Amino acid sequence: MITRVALGLTTALAAVAVGTVVGPAAPASAATPDTGHACSPSVDITSFSDALDKTTFDNTFVGNLSALAVDPDGGIDALSDRSSLFTLNATTFAPTRVVSLADENGQPLDSEGLAIDHDGTRLITSEVEPSIRRYDRDGKLLGRLPVPDALRVAPAGRATTNLTFEGLTLQPGDHTLIASMEGPLSGDDADLVRFQTWNRKGAKGGDFTLAAQYGYKVDPGLGVSDITATGDGRLFVLERGFTTGVGNTIHLYLADPRHATDVSGVQDLTAKTDAKLIPKTLLADIGKCPSLGATAKQPQPNPLLDNIEGIAVVGKDRNRLKLLLVSDDNQGANQTTRLYSLTVDLPKG
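In this convention, every chain numbers its residues from 1, walking through the sequence in written order. The model is predicted, so local features are restricted to residues of pLDDT at least 70 and side-chain atom pairs to those at 80 or more, both for listing and for counting; the totals for chains, interfaces and linings are taken over all residues. Side-chain numbers here rest on the full set of heavy atoms in the structure, without hydrogens or water.

**Some points on the overall build of the chain**
Line of reasoning, step 1. A count of helices and strands for the chain gives 1 helix and 24 strands.
Line of reasoning, step 2. Note on classification: 1.4 Å probe, protein chains only; a residue is buried when its accessible area is under 20% of the maximum for its type, exposed when over 50%, partly exposed between these limits. Buried positions account for 55% of the 349 residues belonging to the chain.
Line of reasoning, step 3. Accessible area of the chain: about 14200 Å², with a carbon and sulfur share of 52%. Secondary structure elements are defined from DSSP: runs of H or I of at least 4 residues count as helices, runs of E of at least 2 residues count as strands, and each element is numbered from the N terminus. Reported accessibility uses the Shrake-Rupley method at a 1.4 Å probe radius. Residues are deemed covered only where the shown protein chains occlude them.

Set out below in structure tokens:
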């Protein structure tokens, strides 16, 4: 556990040691002992940090962060939707590395989802087409995965621009990849989104091929901002929404695609569709977490909240999973790049 003063000091020292971080001093806040830090019966918030807010590293703005993943080397990768991939120190969150990403024509991506394969290959979504591309550790483009025609942005398909592949994760064993759509397809009910999977057989490192697709029902007014594997076949799902003058709504769910039926052959996914959707269980409304002294730059139901877009499992403490969440500040003055550390008692399933 990190105290407010210790985290701020450690982050500053680490920044000097590993690279040039330029920006205004930002409070790096964390919880005191866990007592009273319950967001729900199964979720506690242990700390938050604003240390990255409005900073730069190696002449790159550290913000617009949309996804997180654990690097095999021990660091944490943080993906910016402006085609930058940062590696953060797992303890201090100070950036240690940044690489630029581009498509086949050298153009930037609207990079939203991130998963790291066992060999260190980065799998990264862009929600423009949408697409999933493979990159090596240095940002070199290695290839691209197939995408079902229906999931492409209209007029090529039935998806809406900026409402496509927002989340990405690999299931244990790295044989199944899952991408979550942020919004529905044309013809689908407004509260039903699709999760697309890819499988590969044989030795690790083989090609991914299109596999099952599942339906998922979001809460009213929310969309899926990210997903990450729990390690036992289930998923953590972040649902996010924003209301002007009110602020953000962030719900953390536990979902189980193993109990859903394939809807890849379903033209219009509606409440009348004869299919089992991915079952989900609410773990926490993040707005009900203790604020821990956080401040907000715009109206929020809880000043702790911001535009939370990324989630990763970063460790395990006895029977509790450690989660790291990140907010996307959209490089705006009224939003904050904030990292949140949570612990979760995972229900049996």
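From this point, the narrative continues.
**Thoughts on the pattern of salt bridges**
Line of reasoning, step 1. Within this document, salt bridges are pairs made up of a side-chain nitrogen of Lys or Arg and a carboxyl oxygen of Asp or Glu, the two lying within 4 Å of each other. One pass over the full model with this rule turns up 28 salt bridges.
Line of reasoning, step 2. A salt bridge links Asp 71 to Arg 122, with the nearest nitrogen and oxygen atoms 2.3 Å apart. Of the two residues, Asp 71 is situated in the loop between strand 6 (65-70) and strand 7 (76-80) and Arg 122 in strand 11 (residues 122-126); the sequence distance between them amounts to 51 residues.
Line of reasoning, step 3. Judged by its relative accessible area of 4%, Asp 71 is buried.
Line of reasoning, step 4. Connected through salt bridges with shared partners, the residues Asp 71, Asp 73, Asp 77, Arg 122 and Arg 137 form a single ionic network.

**As for the state of the cysteines**
Think of a disulfide as a covalent bridge from one cysteine sulfur atom to another cysteine sulfur atom.
Line of reasoning, step 1. Here, the term disulfide refers to a pair of cysteine sulfur atoms separated by no more than 2.5 Å. This structure, assessed with the given rule, holds 1 disulfide.
Line of reasoning, step 2. Disulfide pairing places Cys 39 opposite Cys 289 at an S-S distance of 2.0 Å. Across the S-S bond linking Cys 39 and Cys 289, the dihedral sits near 110°, which makes this disulfide right-handed. In this pair, Cys 39 is assigned in strand 2 (residues 38-40) and Cys 289 in the loop between strand 21 (280-285) and strand 22 (308-317), connecting sequence segments 250 residues apart.
Line of reasoning, step 3. Since its relative accessible area comes to 4%, Cys 289 is described here as buried.

**Some thoughts on the layout of surface pockets**
Line of reasoning, step 1. A cavity here means a set of 1 Å grid points, computed over protein atoms only, where a 1.4 Å probe fits but cannot escape. A pocket is an open set with protein on both sides within 12 Å along at least 5 of 7 lines, and lining residues have an atom within 4 Å of a point. Grid points are joined across faces, edges and corners, and a volume is the space filled by probe spheres set on the points. Its volume calculated, the second largest pocket comes out at about 450 Å³.
Line of reasoning, step 2. Ile 116, Thr 169, Leu 170, Thr 228 and Ala 229 are the residues nearest the centre of the second largest pocket, which is lined by 22 residues in total.
Line of reasoning, step 3. Contributions of two or more residues to the lining of the second largest pocket are made by strand 6, strand 10 (111-116), strand 14 (165-170), strand 18 (223-229) and strand 22.
Line of reasoning, step 4. Residue type decides the class: Asp, Glu, Lys and Arg count as charged, Ala, Val, Leu, Ile, Met, Phe, Trp, Tyr, Cys and Pro as nonpolar, and the leftover types, Gly among them, as polar. Considering only residue class, the lining of the second largest pocket consists of 14 nonpolar, 6 polar and 2 charged.

**Digging into the nonpolar core**
Line of reasoning, step 1. Put simply, buried Ala, Val, Leu, Ile, Met, Phe, Trp, Tyr and Cys residues joined by side-chain atoms within 4.5 Å make one nonpolar core. Core analysis: the biggest nonpolar cluster contains 25 residues, and Phe 236, Leu 252 and Ile 286 have the highest contact counts within it.
Line of reasoning, step 2. Broken down by secondary-structure element, the contributors of at least two residues to this core are strand 3 (43-49), strand 19 (235-243), strand 20 (247-255), strand 21, strand 22, strand 23 (320-327) and strand 24 (339-345).
Line of reasoning, step 3. In this structure, Leu 145, Val 147, Leu 151 and Phe 208 belong to the second largest nonpolar core, which totals 16 residues.

**Section: the pairing of strand 8 (residues 84-88)**
Line of reasoning, step 1. Of all 5 residues that make up strand 8, 5 are buried, and the element is covered over most of its length.
Line of reasoning, step 2. Residues of strand 8 alternate between two faces, with Ser 84, Phe 86 and Leu 88 on one and Leu 85 and Thr 87 on the opposite face, all of them buried.
Line of reasoning, step 3. Two strands qualify as a pair provided DSSP detects at least 2 bridges between them. As paired elements, strand 8 and strand 9 (residues 95-100) share 5 bridges and run antiparallel to each other. When the sheet's bridge partners are listed, Leu 85 is paired in strand 9 with Val 99.

**A short note on the side chain of Thr 164**
Line of reasoning, step 1. Relative to the assigned elements, Thr 164 resides in the loop between strand 13 (141-144) and strand 14.
Line of reasoning, step 2. With relative accessibility at 0%, the residue Thr 164 sits in the buried group.
Line of reasoning, step 3. In terms of polar contacts, Thr 164 uses its side chain to reach the backbone carbonyl oxygen of Glu 127, at 2.8 Å.
Line of reasoning, step 4. Here, two residues are considered to be in contact whenever any of their heavy atoms come within 4.5 Å of each other. Discounting residues that sit within four places of it in the chain, Thr 164 has contacts with Ser 126, Glu 127, Val 128, Pro 130, Leu 151, Val 153, Ala 159, Ser 180, Met 181 and Glu 182. Within 3.5 Å is the distance limit for a polar contact, defined as a pair of N or O atoms, with the added protein rule that one can donate a hydrogen and the other accept it, and that residues adjacent in sequence qualify only through two side-chain atoms.

**Re the sheet that holds strand 7**
Line of reasoning, step 1. One open sheet accounts for 4 strands, arranged 6-7-8-9; its pairing is antiparallel. This sheet does not close on itself; its edge strands, each paired only once, are strand 6 and strand 9. Put simply, the sheet's adjacent strands are angled 20° from each other on average, direction ignored.
Line of reasoning, step 2. Pairing geometry for strand 7 and strand 8, over 5 bridges, is antiparallel. Opposite Ile 76, over in strand 8, you have Leu 88 as the bridge partner. Orientation is described by axes fitted as lines to C-alpha atoms, over the contacting stretch for helices, and by angles from 0 to 180 degrees between their N-to-C directions.

**Some words on the sheet that holds strand 12 (residues 131-135)**
Line of reasoning, step 1. A sheet is described by the order of its strands in space; here 4 strands give the open sequence 10-11-12-13, paired in antiparallel fashion. Of all strands in the sheet, those with a lone pairing partner are strand 10 and strand 13, marking the two edges. Mean inter-strand twist for the sheet, computed between neighbouring axes without regard to direction, equals 25°.

**Quick word on the environment of Asp 345**
Line of reasoning, step 1. Here Asp 345 is to be found in strand 24.
Line of reasoning, step 2. A relative accessible area of 32% places Asp 345 in the partly exposed class.
Line of reasoning, step 3. A distance of 2.9 Å separates polar atoms of two side chains, one belonging to Asp 345 and the other to Arg 320.

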